[in-house]
Amino acid sequence: MILAMIVAVDEQNGIGKDGDQLAYISSDLKRFKELTTGHTILMGRKTFEALPKGALPKRRNIVITHQKDYKAPGAEVVKSIGEAIAICSDDQKVFVIGGGEVYKAFLPEADELYITQIHHTFDNVDVFFPEYKGLGWKETHREDNLHDEKSGFTFSYVNLKSAGRFDCV
Ligand SMILES: NC(=O)c1ccc[n+]([C@@H]2O[C@H](COP(=O)([O-])OP(=O)(O)OC[C@H]3O[C@@H](n4cnc5c(N)ncnc54)[C@H](OP(=O)(O)O)[C@@H]3O)[C@@H](O)[C@H]2O)c1
């Protein structure tokens, strides 16, 4: 099983404010759908509850929470990192899709990062992606100078692989 994380960050690693994303970039949302469809997605209880239409279709949805008897329609519920990894062990690829608490919990287990870097610093950010630079990640793909007409943001796609995994392949 490959454990990947997919995230959109601003210039200061910010990922959310007031329970919402910082920006909605349509080509990034399309890329998210293309990359994750057919795979497993794993998310925190707060991110699940913020999904406008609930569980995402054509993906195995897993929600992590400490709550006993938590019900997440269309998703499986786990109570620990170990349980999440155990029930996904036969899956080809699992994407951790947020939010901040869950990215932090799973970063030490991650093999790949798919980062959308939005070249903007948002105000009043209250959730951040954990520090990952300098922790043995190797860049495997980069697309710069992307532009979203609607929002006016420029952004880059950066894929990274953990150096440990890179050495194994
Ligand atoms: N930019 C992006 O790409 C992106 C992606 C996703 C989300 N976001 C943003 O991130 C923010 C939400 O992030 P967040 O950190 O507040 O919440 P979150 O990570 O989505 O969910 C946190 C909840 O997950 C559960 N949890 C986390 N770690 C756990 C563990 N080790 N074991 C068991 N349960 C665990 C707990 O649920 P219980 O409280 O029920 O126990 C915890 O309260 C929002 O602003 C959202 O828009 C941004």
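Residues numbered from 1 in each chain as written. Predicted model: local features only at pLDDT ≥ 70, side-chain atom pairs only at ≥ 80, totals over all residues. Heavy atoms only, no water.

If you check an unreviewed UniProt entry, the chain appears there as Dihydrofolate reductase from Carboxylicivirga linearis. What UniProt states about the chain under its Pathway (unreviewed entry) heading is, verbatim, "Cofactor biosynthesis; tetrahydrofolate biosynthesis; 5,6,7,8-tetrahydrofolate from 7,8-dihydrofolate: step 1/1." Heading Sequence similarities (unreviewed entry) of the UniProt record for the chain holds this comment: "Belongs to the dihydrofolate reductase family." (UniProt positions renumbered as here; feature names shortened; annotations may be inferred.)

Side note on the site of the ligand
Near the ligand there are 26 residues, and of these Arg45, Thr47, Thr65, Gln67 and Glu101 occur at the shortest range. In this structure, Ala8 approaches the ligand through a main-chain N or O atom, which is 2.8 Å from a nitrogen atom. A distance of 3.3 Å separates an oxygen atom of the ligand from a polar atom in the backbone of Val102. Contact with the protein chains covers 88% of the free accessible surface of the ligand, which is 940 Å². Taken atom by atom, the bulk of the ligand overlaps the largest pocket. Among the elements of the structure, strand E1 (2-9), strand E2 (14-17), strand E3 (20-21), helix H2 (45-50) and helix H4 (100-106) are those that each provide at least two residues to the shell around the ligand. (Near = heavy atom within 4 Å. Polar contact = N/O pair within 3.5 Å; in protein donor to acceptor, adjacent residues only side chain to side chain. Areas by Shrake-Rupley, 256 points an atom, 1.4 Å probe, with all protein chains shown as cover. 1 Å grid on protein atoms, 1.4 Å probe; cavity = no way out; pocket = protein on both sides within 12 Å on 5 of 7 lines; lining within 4 Å. Sits in = over half its atoms within 2 Å of the grid points. Helix = DSSP H or I, 4+ residues; strand = E, 2+ residues; numbered from the N terminus.)

Quick notes on the layout of surface pockets
Approximately 1400 Å³ is the volume found for the largest pocket. Along the walls of the largest pocket sit 50 residues, with Gln21, Thr47, Ile97, Gly98 and Gly99 positioned nearest its centre. Of all elements in the fold, only E1, E2, E3, helix H1 (26-36), H2, H4 and strand E8 (112-118) reach the threshold of two or more residues within the lining of the largest pocket. For the lining of the largest pocket, the leading source of residues is H4, giving six residues. When its residues are assigned to classes, the lining of the largest pocket shows 24 nonpolar, 14 polar and twelve charged. (Points joined across faces, edges and corners; volume = space filled by probe spheres on them. Nonpolar A, V, L, I, M, F, W, Y, C, P; charged D, E, K, R; others polar.)

Notes on the sheet that holds strand E11 (residues 154-162)
Spatially, E6-E5-E4-E7-E1-E8-E11-E10 is the arrangement adopted by the eight strands of the open sheet, whose pairing is mixed. Only two strands of the sheet have a single neighbouring strand rather than two, namely strand E6 (75-78) and strand E10 (137-147). Mean inter-strand twist for the sheet, computed between neighbouring axes without regard to direction, equals 20°. Two elements, E10 and E11, share eight bridges in a ladder whose sense is antiparallel. (Pairing = 2+ DSSP bridges. Axes fitted to C-alpha atoms, helices over the stretch in contact; angles between N-to-C directions.)

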